[in-house]
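Remarks on the overall topology
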Amino acid sequence: MLRTVADKLLAPTRSGLLIALASAATLGMVFIAQYGFGLAPCQLCLWQRWPYAAAAAFGIAALLLPRQRPALLALATFSFLIGGGIGVFHLGVEEKWWQGLTSCGGGPTPNSIDALRAQLLTAPVARCDEVSFRFLGLSMAGWNVLWSACLVIFGALAVKRAGRESK
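Summarised in this report is the structure supplied together with it. (Residues numbered from 1 in each chain as written. Predicted model: local features only at pLDDT ≥ 70, side-chain atom pairs only at ≥ 80, totals over all residues. Heavy atoms only, no water.)

Points about the overall build of the chain
- What the chain contains, in helices and strands, is six helices and two strands.
- When its helices and strands are written in sequence order, the chain yields α-α-α-α-α-β-β-α.
- Of all 167 residues assigned to the chain, the portion counted as buried reaches 35%.
- Of all intrachain contacts in the chain linking residues separated by at least 6 positions in sequence, the fraction that spans at least 24 positions is 73%.
- Surface accessibility of the chain: about 10,200 Å² in total, with carbon and sulfur atoms responsible for 70%. (Helix = DSSP H or I, 4+ residues; strand = E, 2+ residues; numbered from the N terminus. Buried < 20%, exposed > 50% of the residue type's maximum accessible area, 1.4 Å probe, protein only. Contact = heavy atoms within 4.5 Å. Areas by Shrake-Rupley, 256 points an atom, 1.4 Å probe, with all protein chains shown as cover.)

Laid out in structure tokens, this is it:
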């Protein structure tokens, strides 16, 4: 039974749609967290959204362009890998394993009113090294790492299946 479910999910005609839907659902959840629950994103949070947008576009393209499906699914999978990598970096910053980017908050103390004004106008919405929300002990960056890993595995299996069926 499990094999039958996997075969249906990994069917080349469905995998692009599932990738697009998973990406859209993920983006929907972060927008609900931001606008519905007031969880302001930091710079790294914003960066983690872009790979999902790219993967959604590649997933839709894979659905519409069957001849290029294996390559498009591979690009979607690579997008998830990049998003997971940004998530690992963000998680490390949150856990103080390494230092974040200077654009993630803090920075030098301004020495004039104009410098203070410029710093305030370009300041990120939230700090990258402070966790604003945890669920089951993981921050949103930590959950992104796990979710991205699941999507990379799904994508890799979908690429393998699409490549095998395109021959």
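Next comes the rest of the account.
Observations concerning the side chain of threonine 26
- Secondary-structure assignment places threonine 26 in helix H2 (residues 12–36).
- Its relative accessible area of 9% is what places threonine 26 among the buried residues.
- Here the side chain of threonine 26 touches alanine 22 through a polar contact of 2.7 Å, landing on its backbone oxygen.
- Discounting residues that sit within four places of it in the chain, threonine 26 has contacts with Tyr52 and Trp147. (Polar contact = N/O pair within 3.5 Å; in protein donor to acceptor, adjacent residues only side chain to side chain.)

Observations concerning a nonpolar patch on the surface
- Taken together, the side chains of Leu17, Leu21, Ile60, Leu63, Leu64 and Leu65 present a nonpolar region at the surface, about 530 Å² in accessible area.
- Of all elements in the fold, only H2 and helix H3 (43–64) reach the threshold of two or more residues within the nonpolar patch.
- With three residues, H3 is the largest single contributor of residues to the nonpolar patch.
- Checked against the element boundaries, leucine 63 lands in helix H3. (Patch = residues over 30% accessible without salt bridge, like charges linked within 9 Å, V, L, I, M, F, W, Y side chains within 5 Å. Salt bridge = Lys/Arg side-chain N within 4 Å of Asp/Glu carboxyl O.)

With respect to H3
- Between its first and last C-alpha atoms H3 spans 33 Å; for 22 residues at 1.5 Å apiece the expected length is 32 Å, and the two agree.
- Looking only at H3, the buried set comprises Leu44, Gln48, Arg49, Pro51, Tyr52, Ala55, Ala56, Gly59, Ala61 and Ala62. (Expected span 1.5 Å × (residues − 1).)

Let's talk about the nonpolar core
- Formed by 15 residues in total, the largest nonpolar core has its most connected members in Ile19, Tyr52, Ala55, Leu73, Phe80 and Leu151.
- Secondary structure elements with two or more residues in this core: H2, H3, helix H4 (69–94) and helix H6 (140–166).
- Listed in part, the six residues of the second largest apolar core include Cys42, Leu44, Ile86 and Cys104. (Core = buried A, V, L, I, M, F, W, Y, C linked by side-chain atoms within 4.5 Å.)

What to know about unusual backbone geometry
- With a phi close to 65°, lysine 96 is a non-glycine residue in the positive phi region.
- As for its placement among the helices and strands, lysine 96 is situated in the loop between H4 and helix H5 (113–122).
- Since its relative accessible area comes to 56%, lysine 96 is described here as exposed.

Notes on the environment of phenylalanine 31
- Position of phenylalanine 31 among the secondary structure elements: in helix H2.
- Phenylalanine 31 gets classed as partly exposed once you look at its relative accessible area, which sits at 38%.
- It is 9.9 Å that separates the C-alpha atoms of phenylalanine 31 and arginine 49, two residues lying 18 residues apart in sequence.

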